[in-house]
Amino acid sequence: MAAIYQAVCRRVSSLFCRSHSTYVRKMRYLNELKEDDSLCRQAQTSGAFYLFHNLSPFLQQVEKKYLVPQLSAAEMKRILEKFKETEQWIEKSVLIGCSDEHVPHFALDLGALEKSVIESELKGSFTDLRKALFVVDGKDSPLLASAQSLLRWHDSHQYCSKTGQPTQKNVAGSKRVCHASGITYYPQMSPVVITLVSDGSRCLLARQPSFPQGMYTALSGFCDMGKANVEETIRREVAEEVGLEVESLWYSASQHWPFPSSCLMIACHALVRAQQAEISMNSLELEEARWFGLEEIMKGLKRGPRSSKQDDGSLLPWFPPKQAVAHQLICEWVKQQTS
């Protein structure tokens, strides 16, 4: 009887596993790691680690490509021993995902250690994330962005906002707890609208003083507390920044973006009347805003991140990298115009 029961259990278990996709199994495994400190601590002994130094990711250049290396737990142990640090350093890492084979991925910031020695030891360099997003493969960009955002959140939430007492992260880094007040803090993202405005034949791009020279992008702004919806936020932002009234708008996509902190970018297209398309720029928000025609946009998409000067000394415009949702909005507008 016991043998029959065990056979039935194995059959049910087999059917259960087959009925769940790889994605579902990954998500459930990650959730277990977040909720179970001992299980996550065990996973750290067999996981892969992505290194940061003061929030800058570690990259290796192989010929003309920039790779984001994964270090094994054994390699991490060797590096820590070289710096005469204990393995407990690994508990400062945060869980950022796992492979389809359930190899957990962690991010660890080694900002307290000597940067040049690590770079020499591992034959690579710690690179500012804004620059890294221009050169790494598209599949690595979301991982680096989410890892940096989570590391930054932990760095800025080490104390309880109510009691002022230290907070303690769980092993996975999915939350921090103030044991004095019992408050649990979870990482959060700020909603931001990013909007490509068009008058039908042109699109509007702008730049802030902090942008790299020559770079233009779509309008963006944070959603205010208590605003009714995304649509109202877009109408307000376009009116405030360039003095135009949105006639219609539609959703395109969303993306996590780590700048200036962790943001959820909600990307939309907006249409204004061609007869009422005179820009009235808010100079407190923007350095420049102007209309671009199709030909100029197509040339700008082919241009690299470094602008070249024209004969009159002005800079040729260029646009955000392919990994940015702003780039997607611009490409969608071009497709719409050429179809």
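Reading the values: rules and limits
Residues numbered from 1 in each chain as written. Predicted model: local features only at pLDDT ≥ 70, side-chain atom pairs only at ≥ 80, totals over all residues. Heavy atoms only, no water. Helix = DSSP H or I, 4+ residues; strand = E, 2+ residues; numbered from the N terminus. Buried < 20%, exposed > 50% of the residue type's maximum accessible area, 1.4 Å probe, protein only. Contact = heavy atoms within 4.5 Å. Pairing = 2+ DSSP bridges. Domains from an automatic or database assignment. Buried area = accessible area lost by both parts, 1.4 Å probe. Salt bridge = Lys/Arg side-chain N within 4 Å of Asp/Glu carboxyl O. Polar contact = N/O pair within 3.5 Å; in protein donor to acceptor, adjacent residues only side chain to side chain. Nonpolar A, V, L, I, M, F, W, Y, C, P; charged D, E, K, R; others polar. Patch = residues over 30% accessible without salt bridge, like charges linked within 9 Å, V, L, I, M, F, W, Y side chains within 5 Å. Areas by Shrake-Rupley, 256 points an atom, 1.4 Å probe, with all protein chains shown as cover. Lys, Arg positive; Asp, Glu negative; His and termini not counted. Charge placed at Lys NZ, Arg CZ, Asp CG, Glu CD. Phe/Tyr/Trp six-rings, centres within 6.5 Å; stacked < 30°, edge-to-face > 60°. Lys NZ or Arg CZ within 6 Å of the ring centre and 35° of its normal. Arc of directions from axis to C-beta.

## Here's the deal with the environment of methionine 281
1) Next: One can find methionine 281 in the loop between strand S15 (263–271) and strand S16 (288–292).
2) Next: The partly exposed category is assigned to methionine 281, whose relative accessible area is 30%.
3) Next: Spatially, the C-alpha atoms of methionine 281 and alanine 239 are 9.4 Å apart, while their sequence positions differ by 42 residues.
4) Next: In contact with methionine 281, other than residues within four places in its own chain, are Glu241, Val242, Leu286, Glu287, Glu288 and Ala289.

## Comments concerning the sheet that holds strand S8 (residues 168–169)
1) Next: Strand order across the open sheet formed by three strands is S8-S9-S10, with antiparallel pairing between neighbours. With partners counted over all chains shown, the strands left at the sheet margins are S8 and strand S10 (183–185), one partner each.
2) Next: Relative to S10, strand S9 (residues 176–178) runs antiparallel, the two being bridged by three bridges. Directly across from cysteine 178, in S10, lies its bridge partner isoleucine 183.

## A look at the domain arrangement of the protein
1) Next: When its domains are assigned, the protein resolves into domain 1 (22–159) and domain 2 (190–338).
2) Next: If you look at the interface, domain 1 gives 13 residues, while domain 2 gives 10 residues.
3) Next: Counting each side, the surface lost to burial between domain 1 and domain 2 is near 930 Å², with a carbon and sulfur contribution of 71%.
4) Next: In this structure, the connection of domain 1 to domain 2 is made through zero salt bridges.
5) Next: At the surface where domain 1 touches domain 2, the tally comes to four residue pairs in polar contact (both at pLDDT 80 or more).
6) Next: Those elements that provide at least two residues to the side of domain 1 that touches domain 2 are helix H6 (129–135) and helix H7 (141–156).
7) Next: The element contributing the most residues to the side of domain 1 that touches domain 2 is H7, with six residues.
8) Next: Among the residues forming the side of domain 1 that touches domain 2, the class breakdown is five nonpolar, five polar and three charged.

## Brief notes about a negative patch on the surface
1) Next: Taken together, the side chains of Glu32, Glu35, Asp36 and Asp37 present a region of like negative charge at the surface.
2) Next: Relative to the elements of secondary structure, glutamate 35 occurs in helix H2 (residues 22–35).

## So, the environment of glutamate 332
1) Next: Considering the arrangement of structural elements, one finds glutamate 332 in helix H10 (residues 325–338).
2) Next: Residue glutamate 332 is classed as partly exposed on the basis of its relative accessible area of 29%.
3) Next: Sequence-wise, glutamate 332 and histidine 269 are 63 residues apart; in three dimensions their C-alpha atoms are separated by 9.3 Å.
4) Next: Each residue touching glutamate 332, except ones within four places of it in the same chain, is listed here: Ser252 and His269.
5) Next: Engagement of the side chain of glutamate 332 in a polar contact is seen with the side chain of serine 252, the distance being 2.7 Å.

## Looking at the packing of aromatic side chains
1) Next: Tallying each qualifying case throughout the model produces six aromatic pairs.
2) Next: The ring of tryptophan 89 has lysine 92 lying over it, and the distance from NZ or CZ to the ring centre is 3.9 Å.
3) Next: If you follow arginine 290 out to its NZ or CZ, it ends over the ring of phenylalanine 292, 3.9 Å from the centre.

## Topic: helix H5 (residues 115–122)
1) Next: Restricting attention to buried positions, one finds in H5 the residues Ile118, Glu119 and Leu122. Seen from one end, H5 has its buried residues packed into an arc of 100°, which puts them on one side.
2) Next: Considering only its buried residues, H5 is in contact with strand S1 (48–53), strand S2 (56–62), strand S4 (71–72), helix H4 (73–82) and strand S7 (125–126).
3) Next: Note on H5: the residue one or two positions beyond its end, lysine 123, has a positive phi of about 55°.

## Considerations on the pattern of salt bridges
1) Next: Inspection of the entire model under this criterion finds 14 salt bridges.
2) Next: Across the salt bridge formed by arginine 41 and glutamate 91, the nearest N and O atoms sit 2.8 Å from each other. Note that arginine 41 is positioned in helix H3 (residues 37–43) and glutamate 91 in the loop between H4 and strand S5 (94–98), a separation of 50 residues in sequence.
3) Next: Arginine 41 gets classed as partly exposed once you look at its relative accessible area, which sits at 36%.
4) Next: In this structure, the salt-bridge partner of arginine 236 is glutamate 240, at a minimum N-O distance of 3.5 Å. Remark: glutamate 240 and arginine 236 occur in helix H8 (residues 230–242); sequence separation between them is four residues, near one turn of the helix.
5) Next: Residues participating in the shared-partner salt-bridge network are Asp224, Arg236, Glu237 and Glu240.

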